[in-house]
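These are the residues of each chain, in order.
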Amino acid sequence: MRGTRVRDARAAAARWVAREAASAANFAGAYLTGSAAWADPDAVLPPTSDVDVAVVVTDPAPPPKLGKVPWEGVLVEVTYVSWDGLASADDVLASCHLAGAFRTDTVIADPTGRLARLQAAVAAGFAERRWVRLRCEDAERRITGGLAALDPRRPFHDQVTAWLFPAGVTTHVLLAAGLRNPTVRLRYPAVRELLRAYRRTDVYEELLGLLGCAHLTRERVTAHLAAMTRAFDAAAAAARTPFPFSADVTEAARPVAVDGGADLVARGLHREAVFWIAATYARCLKILAADAPGETSHLAGFADLASDLGAGSPDDLRHRASEVTAYLPRLRAVAEEIMDANPEIRDGGSAPGG
């Protein structure tokens, strides 16, 4: 992937769709999503990035995520989306995780023309305040809904995941308010950039505090990355049971999951690397528990990481979850502040419809 321009990587992804997906009976189109949809076409795609493609299908329930596919020197990540999930422009505009893919023309296959019509309607309303606010509210619901799933009866790695991802969605509330990409792995570097632009680095430190990593040193994060890497290699070798995240723990995904963290640490963004280190570590333990239950040597490293985050026990996790919930009114106020200060956000406009 090194040296590939974003526009060339997008073109390669489009060729994958034409070759591998378009002939299926349930195929209804495809579009780019994720960071490749937002990036400058002339920029060089980092070797730690993939190209996210959503393949639209006619099935009421989409097939499982295909995952990362090496193709023409590019790592293409393929997810399936049902037309039912793109029911109308209003539904997409109100979705924190769908709307951004249609902000610009990201359609790479459209046999019926329906995707083009949807994209045009979403692009027209994307920056309207009411839709921006609805997307912020959608992200906030993901926080409260996710934290409600925290269950002390589940394996500890699952409990950490149930707290970690909602805590991380605090970044998405603000990224939505700033009309920025609600990226997954790089959410903390992205919100850091946003809050620096609005001179609210105080808020950024608070978000890192909610994650429990504001105090962590580069040396400590490097040690956690090394422990996670060992677990990753063991899990990738052992994996047999399919999970929704299985594609993120494979040899093909190693440049993103492992090298991507190392790149952040090398750039001085060690605290920003913690979210994906912890998320990947928890996923690795889930795979090992299913497919190599005798492999317990990685548990201690995960326990050390959770402890460093102030989340070393079920009681700690409940406390950390309550801190996130208590922060939501402030988060909402900062989102409104960003919307008020953003010159791209406009009032008015009629509903774009379906």
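If you check an unreviewed UniProt entry, the protein appears there as Nucleotidyltransferase domain-containing protein from Microbispora bryophytorum subsp. camponoti.

Trainee: Before we move on, can you summarise unusual backbone geometry with the specific residues and values?
Mentor: Not every positive phi belongs to a glycine, and Glu72 is a case in point at roughly 50 degrees. Secondary-structure assignment places Glu72 in the loop between strand E3 (67–71) and strand E4 (74–82). Non-glycine residue Arg199 carries a positive phi angle of around 55 degrees. Mapped onto the secondary structure, Arg199 falls in the loop between helix H8 (187–197) and helix H9 (201–211). Here Arg199 falls in the exposed class, since its relative accessible area comes to 77%.

Trainee: Tell me what's going on with the pattern of salt bridges, and back it up with residues and numbers.
Mentor: Counting across every chain of the model gives 32 salt bridges. Its salt-bridge partner being Glu77, residue Lys65 comes within 2.3 Å of it at the nearest N-O pair. Highlighted residues: Lys65 in the loop between strand E2 (51–57) and E3 and Glu77 in strand E4, separated in sequence by 12 residues. Accessibility expressed as a relative area gives 32% for Lys65, which makes it partly exposed. By sharing partners, the salt bridges in this structure join Asp50, Lys65, Lys68, Glu77, Asp248 and Arg283 into a single network.

Trainee: Describe in detail the nonpolar core, supporting the description with residues and values.
Mentor: One finds Trp163, Leu174 and Leu207 to be the most contacted residues of the largest nonpolar core, which totals 81 residues. Per element, the largest residue contribution to this core is 13 residues, and it comes from helix H13 (residues 270–291). Excluding its chain neighbours within four sequence positions, the residues that come into contact with Leu207 are Thr170, Thr171, Leu174, Tyr188, Val191, Leu195, Tyr327 and Leu331. Counting 23 residues, the second largest nonpolar core, distinct from the first, contains Trp16, Phe27, Val57 and Val76.

Trainee: Before we move on, can you summarise the packing of helix H10 (residues 218–238) against helix H12 (residues 259–266) with the specific residues and values?
Mentor: Look at H10 against H12: their axes get within 11 Å of each other, and the N-to-C directions meet at 170 degrees. The angle between the axes of H10 and H12 places the two elements in the roughly antiparallel class. On H12, the residues that touch Arg218, Val221, Thr222 and Leu225 of H10 are Gly261, Ala262, Val265 and Ala266. Class assignment of the residues belonging to the contact of H10 with H12 gives a composition of 5 nonpolar, 2 polar and 1 charged.

Trainee: Break down the side chain of Lys68 for me, citing the residues and quoting the values.
Mentor: By the secondary structure assignment, Lys68 is in strand E3. One polar contact links Lys68 to Glu77, side chain to side chain, over a distance of 2.5 Å. Of the polar contacts made by the side chain of Lys68, one reaches the side chain of Asp248; its length is 2.5 Å. Other than its neighbours up to four places away in sequence, Lys68 contacts Asp50, Leu75, Val76, Glu77, Ala247, Asp248, Ala253 and Val256.

Conventions used here
- Residues numbered from 1 in each chain as written.
- Predicted model: local features only at pLDDT ≥ 70, side-chain atom pairs only at ≥ 80, totals over all residues.
- Heavy atoms only, no water.
- Helix = DSSP H or I, 4+ residues; strand = E, 2+ residues; numbered from the N terminus.
- Buried < 20%, exposed > 50% of the residue type's maximum accessible area, 1.4 Å probe, protein only.
- Salt bridge = Lys/Arg side-chain N within 4 Å of Asp/Glu carboxyl O.
- Core = buried A, V, L, I, M, F, W, Y, C linked by side-chain atoms within 4.5 Å.
- Contact = heavy atoms within 4.5 Å.
- Axes fitted to C-alpha atoms, helices over the stretch in contact; angles between N-to-C directions.
- Parallel < 35°, antiparallel > 145°, perpendicular 65-115°, else oblique.
- Nonpolar A, V, L, I, M, F, W, Y, C, P; charged D, E, K, R; others polar.
- Polar contact = N/O pair within 3.5 Å; in protein donor to acceptor, adjacent residues only side chain to side chain.

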